[in-house]
Every structure is written in C-alpha cells, then in structure tokens.
Amino acid sequence: MSALSIRQAEFVTQILSHVLSQFTSLDRAYSQHFANQALSSSDKSLISQCCGDIIRRLNLFCYLADVPQDEASEQPEKLLTVWHYLQQLDAPMLLKQAMLNRAEFDERLAQAKQQSQLWQGCPDWLESLGQSQLGAAWPKEREAMAQRPGRFIRVNTLKTTSHELQASLQQAGIASETVADAPEALSILSEGALFQTEAYQSGWFEQQDAGSQLVAAALDVKPGMKVFDACAGNGGKTLALAAAMQGRGRLLAMDVEEWKLKNLKQRAKRAGAHNVETRLIESSKTIKRRKMTADRLLLDVPCSGLGVLKRKPLAKWHDTAERLGHLTQLQQDILQRYSQLLKVEGILVYATCSILPIENELQVKQFLQNNPNFTLLEQQTISPSETGFDGFYWAKIQRQQA
Ligand SMILES: C[S@@+](CC[C@H](N)C(=O)[O-])C[C@H]1O[C@@H](n2cnc3c(N)ncnc32)[C@H](O)[C@@H]1O
C-alpha cells in the first residue's frame, strides 16, 4: 500500500468529516463525494479502504491521534496521519499541519497494543454486549470484525457459469478464485473496476458476501415452487433464489419500503430473473390474503447488523444495544405473523445478519414454544472468525400442521 496523494487525502478527510458529523452511511457518502469526479477505480478503492480502516477502529485512531472521539469529525487530518504512521508511510504534504509528535505517538501505540478492546476498535457498549451474549467466543469475533471485509461476488447462473465468468474477469485484468462451501461465490483478489466490466454490464454477477449467499442456499428452493421473500429489501437474496429456481415458478419479493422494491425490480431485470414479482406490504391484509400458499418462505428480518460490522463499521459508533429491545420484538412479530404464509410441509428460513443469540436461536426457541405445529430442521451461525465472511444466522423451520 502506498501513501495517499494530496487529492486522495482530501477526499478521505471530506468523507470522514461528512460521515462522522452526519452519521450517513459510508456507501452513501462515497456515492455523493465520487459523483461527477474524475477518479480512477484504484483512487476510489484506496479512498474507501482508508475511510473504512479509520471508521472500523475509530476509537483507536482517536486515541493515537490524541483527539477526543466527539471531535473526530473536526480533525480528520490527524486520523489520516495516524493511518499513514500505522503503515509506516509518510503522510502527504497536506497533512503536515496535522503532524503528530512521533515520540508521543509511539508511546501511545505501545500502550494501545496492550489493550485488545481498544486495538480492535471495539466500543464499550459492544464489548459488554459481546461478552454477555457470546462469552468466551466473543474475543475472536471482535478480532475478526476489526479486519477489512473480503470482496465477494455471486455468479448469476441464469446467465453464465463460474468458469466462464472467471475467464471474462481475467481478461479485464481481475483475478478471482472460487470459495470452498459457497459454490456460486467468487472471491475477488485484485483491485480493478469490477462494475465497469462487460461481465457486470451483462448481468453475469452480483456483489454479495459469501455468507449472505449461504443464507439464500439454506432455503433449498427448487424450480416450479411458490417462494416468498417477505423482507426482500433491495433483493440481494431474492436474486440468488431466482437463480436457484432457474427462472421457473413464482417468486414474490415483499417489503414495507417501496423504494427498495423499485431497486429490486431493476436489479432483477439486469439479472434476467423474470419470475420475480414485487409486492409492497401495506397492511396485515397483504400477508393474511396469502395464508398457507407458500412452499418456501425467507424471513431475512431487520436486525442489529452486528454480524456485518466489517462492511458497515459506522454501526459501532451508535449505541445499537438501545435498539435491541425494539428489534427483537419486531423479529418475533414478523416470524409469528408471516409464518402463516407457509403451506403444511412448507419450509421457512429465519435469518439475520447478526451473531447474537438474542436475535437468533433464542428467537427461534420462543417461536417454537408458541407454535408446536412447526419444527426446527437445522440452524447455523456463520461466524466471521471461522469463515472470513460476514456474520449471519439461519434456521430452517418446517410447518407440520395447519
Ligand atoms: C435485513 S434487511 C433485508 C435484506 C435483503 N433480504 C437482502 O438480502 O438484500 C430487512 C428488510 O426488512 C424490511 N422490513 C422492516 N420491517 C418489515 C416488516 N414489518 N415486514 C416486512 N419487511 C420489513 C426492511 O425494509 C429491510 O429491507
């Protein structure tokens, strides 16, 4: 990795200031700041990697820069200087005014390395939650979630094969490799303008973490089935389901947010997923009207997102623990009401992008206690530390009787 140019450094400081003062998502900030700018894909990739590194361990960067965390948005240059020092790089000229006393920095660095919670960029509320929920398993998950996320795509088998896609990306100078246990996933090994390739324009792949692909695969859909994706959002998993159905059967994508379903429709068109229909959930009638009609049902419920902190690190700097009570109630409510969509012998997958038992196996346990006509077939937590993927949970549940 090389030092940032002055221009790249300016983008980083502007984006950091923006997200830290307004708490908009990093992705949204990138699209706003990059719009209509002559930046190469390697510029964009370096800028976003650098912003991600700093936000992921914001408390550490503030400590090393001797900046109070609530003033981080006003002193992003100092955080960027720390980023350069940590990688033994010279900071760009722009940052000279933000130079830190090297001896003091070294002393702080030595102290920080002794404190794993600080070194791995973990706020106090998350440390207590992780400890209480996961006990001895927490430290390795905390460490895994301090790392940069991997870059994964899903091969769109409606249009191509893994082999053909790899060859096409290789021609565009992008190296990739297959991923053990996730048959449609490719791990992208080189930087490069993935989204400007002919393969992307032709709908041959979607960006999707390998863990998320495993959740969709757990539903085990078959061509010709009637499948509901009841919290479909922008359709990451819907499109994976459509590919597994080989375009045959009915796939109904539902959500409470209309704009997400609009995005989903566009993505489905590009992917050639012609059996996808969308339906806005306007009231409980949308569900009741379709009672006992589904062969398969995906409930990818709203959650804390604490499994995907590598990719969405800003969530560390809100106290998500405060929202957990509301979220877990909503999750149980969705599971209880939407499970009525299933036919007898139909199968649902309840899923979250969290690794906390309170959102996962404890929710399923409560549901099964209240609904003896459903049984648990299988469940899995996809652990970031064991897989290198984002963290997810899924439970496969079958309806035995009406
Ligand atoms: C984890 S996200 C889904 C991500 C999506 N499945 C994917 O793979 O891209 C959860 C979704 O649930 C939606 N949602 C929130 N409350 C809901 C409700 N009561 N019924 C259905 N969907 C809901 C949110 O709008 C959000 O899109």
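Here the structure is a predicted model, which means the values were calculated and not measured.

Right, let's get into the nonpolar core. L241, L297, L299, V349 and Y350 are the most contacted members of the largest nonpolar core, which has 79 residues in total. Contacts of L297, omitting those with residues within four sequence positions, involve F228, A230, Y338, L341, L342, G346 and L348.

As a matter of local geometry, the ligand sits amid 16 residues, with C231, G233, G236, K237 and D300 nearest to it. Taken together, the residues that form the shell around the ligand break down as 7 nonpolar, 4 polar and 5 charged.

Further remarks concern the sheet that holds strand β3 (residues 182-188). An order of β2-β3-β1-β4 is seen for the 4 strands of this open sheet, with the pairing classed as antiparallel. The open sheet terminates on both sides in strands that have one partner only, identified here as β2 (176-179) and β4 (205-207). For this sheet the average axis-to-axis angle between neighbouring strands, irrespective of direction, equals 35°. Note that β2 and β3 share 4 bridges and pair antiparallel. Paired with S176 across the strands is I188, a residue of β3.

Under the domain assignment used here, the protein contains domain 1 (6-121), domain 2 (152-207) and domain 3 (210-399). Placing a centre on the C-alpha atoms of domain 2 and another on those of domain 3 gives a separation of 25 Å. Counting from both sides, the interface comprises 12 residues of domain 2 and, opposite them, 11 residues of domain 3. Put simply, the parts of the chain that give the side of domain 2 that touches domain 3 at least two residues each are β1 (152-155) and β3. A breakdown of the residues in the side of domain 2 that touches domain 3 according to their chemical character gives 5 nonpolar, 3 polar and 4 charged.

Definitions and limits used
- Residues numbered from 1 in each chain as written.
- Predicted model: local features only at pLDDT ≥ 70, side-chain atom pairs only at ≥ 80, totals over all residues.
- Core = buried A, V, L, I, M, F, W, Y, C linked by C-beta atoms within 7 Å.
- Buried ≥ 20, exposed ≤ 12 C-beta atoms within 10 Å, placed from the backbone.
- Contact = placed C-beta atoms within 7 Å.
- Near = placed C-beta within 6 Å.
- Nonpolar A, V, L, I, M, F, W, Y, C, P; charged D, E, K, R; others polar.
- Pairing = 2+ DSSP bridges.
- Helix = DSSP H or I, 4+ residues; strand = E, 2+ residues; numbered from the N terminus.
- Axes fitted to C-alpha atoms, helices over the stretch in contact; angles between N-to-C directions.
- Domains from an automatic or database assignment.

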